[in-house]
Amino acid sequence: MSIDNAPRLDGAGDFYPAPDETPAVAGRVEESVPAPKPSRSKAPLWRLLLRDRMATVAAAILVFVFLVAVFGPWLVGDAATDQNLDQSNLAPFHVAYGWMNILGTDPLGRSMLARLIVACRTTLLVALPAVALSCIVGSLVGMWAGYHRGWRETTAMRVADVIMSFPSLLMAVVVLYVFSPSAANIVLVLAITRIPIYLRTARAESAELQSRLFVDAARTFGARSGAVIRRHVFPILLPTLLTVATLDFCYVMLAESSLSFLGIGIQPPDISWGLMVSQGRTYLQTAWWLSFFPGLAIVITTVSATVLAAWARIATDPAQRWRLTVPRSRHSRLFPTRKVVS
């Protein structure tokens with residue numbers, strides 16, 4: 001035994017083991033160490049959503065709006081159409097006339113709260129189908145054109161250029177002036193004007209993915225183009241499409257409100273938030289609540305959808321998802337803010 005490996009005597013006269021006798025103790029210590037926990041980046045989306053306060057509030061607001069659109073008209077009944085001229089233009093925030101008039105009444109004595117609830121359903125019944133129709137058509141054509149390239153891509157892009165050469169809102173105004181302004185026509189014209197957004201996005205992503213190695217491998221094993229697009233291209237493209245659709249929902253809802261404000265959108269006896277703003281603009285000095293509350297509903301809904309879309313874009317991107325898992329203290333150290341010296 002060498003001098004370095006020999007047992008040593010401590011100050012109390014006891015021997016302690018040499019360095020080559022410590023692996024057994026180290027082995028017992030290693031066995032007691034717990035297994036590493038799974039990475040936070042693999043956490044489900046709802047947990048990542050709860051970690052972001054702004055995105056959580058935005059999601060809660062949107063869920064509340066959808067619930068109001070589904071169940072609200074059934075709860076208020078005929079309160080949105082019942083007229084009472086004795087209670088015309090009642091000011092809001094007074095419970096003396098019942099909770100249904102808590103947001104005031106219009107010139108015909110109809111409840112503003114009930115009309116907001118019914119208008120919520122009408123607004124969403126225009127915005128959601130228009131976004132869904134344009135997203136489905138534009139995505140399918142874009143993936144087909146981007147995957148096959150050639151004349152298919154050229155034809156699809158030229159059609160998109162023709163549609164985008166006309167301002168979407170101006171085209172909607174012209175079409176609705178020629179044809180009768182109804183909810184179906186509004187959905188159709190808004191869907192057509194928004195198709196190029198999804199077509200260009202899907203075409204660009206598909207053109208890049210069709211040269212990837214896993215797509216080449218699928219083609220080598222005999223997979224058809226439709227199966228490759230459905231199984232390999234579409235799942236990767238879906239998060240981007242959902243983010244674009246969420247942002248486009250805000251634009252479509254604002255476009256419907258603008259058309260209703262101009263008088264060529266939703267027509268009475270139907271009611272929407274934009275039509276309520278239009279009907280109340282002549283009473284701004286005497287009854288400000290007629291336009292304020294529907295305008296506030298539009299702003300809150302669009303801002304919530306925008307915030308949720310920004311969160312969803314990061315949460316569905318594997319390269320950026322880690323930003324949602326970093327605690328606030330660590331995130332501030334990683335991305336320090338610079339102070340501006342005046």
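Residues numbered from 1 in each chain as written. Predicted model: local features only at pLDDT ≥ 70, side-chain atom pairs only at ≥ 80, totals over all residues. Heavy atoms only, no water.

Comments concerning the pattern of salt bridges
Stage number 1. Under the criterion given, the structure shown has nine salt bridges.
Stage number 2. A salt bridge links glutamate 153 to arginine 149, with the shortest nitrogen-to-oxygen separation between them at 2.7 Å.
Stage number 3. Looking at glutamate 153, the relative accessible area reads 11%, which means it is buried.
Stage number 4. A salt bridge links aspartate 216 to arginine 219; the nearest nitrogen and oxygen atoms lie 2.3 Å apart. Taken together, the residues aspartate 216 and arginine 219, both in helix H8 (residues 213-220) and three residues apart, mark about one turn of the helix.
Stage number 5. Judged by relative accessible area, which is 29%, aspartate 216 ranks as partly exposed.
Stage number 6. When its relative accessible area of 33% is taken as the criterion, arginine 219 is described as partly exposed. (Salt bridge = Lys/Arg side-chain N within 4 Å of Asp/Glu carboxyl O. Buried < 20%, exposed > 50% of the residue type's maximum accessible area, 1.4 Å probe, protein only. Helix = DSSP H or I, 4+ residues; strand = E, 2+ residues; numbered from the N terminus.)

Describing the nonpolar core
Stage number 1. Core analysis: the largest hydrophobic core is formed by 71 residues, its most contacted members being Leu190, Leu259, Trp273 and Trp311.
Stage number 2. No other element matches the 15 residues that helix H4 (residues 112-148) contributes to this core.
Stage number 3. Here tryptophan 311 is in contact with Leu45, Leu48, Leu49, Asp52, Ala55 and Leu324, once residues within four sequence places are set aside.
Stage number 4. Within the second largest apolar cluster, six residues are counted, among which are Ala145, Ala156, Met157 and Leu199. (Core = buried A, V, L, I, M, F, W, Y, C linked by side-chain atoms within 4.5 Å. Contact = heavy atoms within 4.5 Å.)

Some remarks on the environment of arginine 51
Stage number 1. Tracing the sequence through the fold places arginine 51 in helix H2 (residues 45-51).
Stage number 2. The spatial distance from the C-alpha of arginine 51 to the C-alpha of leucine 324 is 7.4 Å, given a sequence separation of 273 residues.

A word on the packing of H8 against helix H9 (residues 225-261)
Stage number 1. One can describe the packing of H8 onto H9 by two numbers: an axis separation of 10 Å at closest approach and a directional angle of 170°. Here H8 lies roughly antiparallel to H9, going by the angle between them. Here Phe214, Val215 and Ala218 of H8 come into contact with H9, specifically with Val228, His232 and Ile236.
Stage number 2. Within the contact of H8 with H9, the residues separate by chemical class into five nonpolar, one polar and no charged. (Axes fitted to C-alpha atoms, helices over the stretch in contact; angles between N-to-C directions. Parallel < 35°, antiparallel > 145°, perpendicular 65-115°, else oblique. Nonpolar A, V, L, I, M, F, W, Y, C, P; charged D, E, K, R; others polar.)

Some thoughts on the packing of aromatic side chains
Stage number 1. Counted by the stated rule, this structure contains six aromatic pairs.
Stage number 2. Between the aromatic rings of phenylalanine 292 and phenylalanine 293, the centroid separation amounts to 5.4 Å while the plane-to-plane angle is 75°, which identifies the pairing as edge-to-face.
Stage number 3. With relative accessibility at 42%, the residue phenylalanine 292 sits in the partly exposed group.
Stage number 4. Put simply, the rings of Phe93, Trp288, Trp289, Phe292 and Phe293 pair up and form one aromatic cluster.
Stage number 5. In this arrangement the basic side chain of arginine 194 is found over the ring face of tyrosine 251, its NZ or CZ atom lying 4.0 Å from the centre. (Phe/Tyr/Trp six-rings, centres within 6.5 Å; stacked < 30°, edge-to-face > 60°. Lys NZ or Arg CZ within 6 Å of the ring centre and 35° of its normal.)

Structural notes on the packing of helix H5 (residues 150-164) against helix H7 (residues 183-209)
Stage number 1. Packing of H5 against H7 brings their axes to within 9 Å, and their N-to-C directions diverge by 140°. Here the hand of the crossing between H5 and H7 comes out left-handed. Touching Glu153, Ala156, Met157, Ala160, Asp161, Ile163 and Met164 of H5 are Ile192, Thr193, Pro196, Leu199, Arg200 and Arg203, all from H7.
Stage number 2. A breakdown of the residues in the contact of H5 with H7 according to their chemical character gives eight nonpolar, one polar and four charged. (Left-handed = near helix turned anticlockwise from the far one by under 90°.)

Here's the deal with unusual backbone geometry
Stage number 1. In this chain, proline 268 is followed by proline 269 through a cis amide linkage whose omega measures 10°.
Stage number 2. Examined against the element boundaries, proline 269 turns out to sit in the loop between H9 and helix H10 (273-280).
Stage number 3. At asparagine 89, a position not held by glycine, the phi torsion is positive, near 55°.
Stage number 4. Despite not being glycine, arginine 149 has its phi angle at roughly 60°, a positive value.
Stage number 5. Along the chain, arginine 149 falls in the loop between H4 and H5.

Some thoughts on the environment of threonine 240
Stage number 1. Examined against the element boundaries, threonine 240 turns out to sit in helix H9.
Stage number 2. C-alpha of threonine 240 to C-alpha of tyrosine 198: the two residues are 42 residues apart in sequence and 9.7 Å apart in space.
Stage number 3. Aside from chain neighbours lying at most four places away, what touches threonine 240 is Thr201 and Arg313.

Quick notes on the confidence of the model for the chain
Detailed reading of the predicted coordinates is not advisable wherever pLDDT falls low.
Stage number 1. Across the chain, pLDDT averages 80, with 82% of residues at or above 70.
Stage number 2. Below a pLDDT of 50 lies the segment residues 21-41, which in the model reaches six contacts outside its immediate sequence neighbourhood of four places, other chains included. (pLDDT = per-residue confidence, 0-100.)

Notes on H10
For an α-helix, 3.6 residues make a turn, and residues three or four places apart therefore share a direction.
Stage number 1. Taken across its eight residues, H10 has seven buried, putting it largely inside the fold.
Stage number 2. Along H10, the residues classified as buried are Trp273, Gly274, Leu275, Met276, Val277, Ser278 and Gly280.
Stage number 3. Looking at the packing, one finds that the buried side of H10 touches helix H3 (53-76), H4, H9 and helix H11 (289-315).

Notes on the side chain of threonine 243
Stage number 1. As for its placement among the helices and strands, threonine 243 is situated in helix H9.
Stage number 2. Residue threonine 243 is classed as buried on the basis of its relative accessible area of 9%.
Stage number 3. Here the side chain of threonine 243 touches proline 239 through a polar contact of 2.9 Å, landing on its backbone oxygen.
Stage number 4. If sequence neighbours within four positions are ignored, threonine 243 has contacts with Ala309, Ala312 and Arg313. (Polar contact = N/O pair within 3.5 Å; in protein donor to acceptor, adjacent residues only side chain to side chain.)

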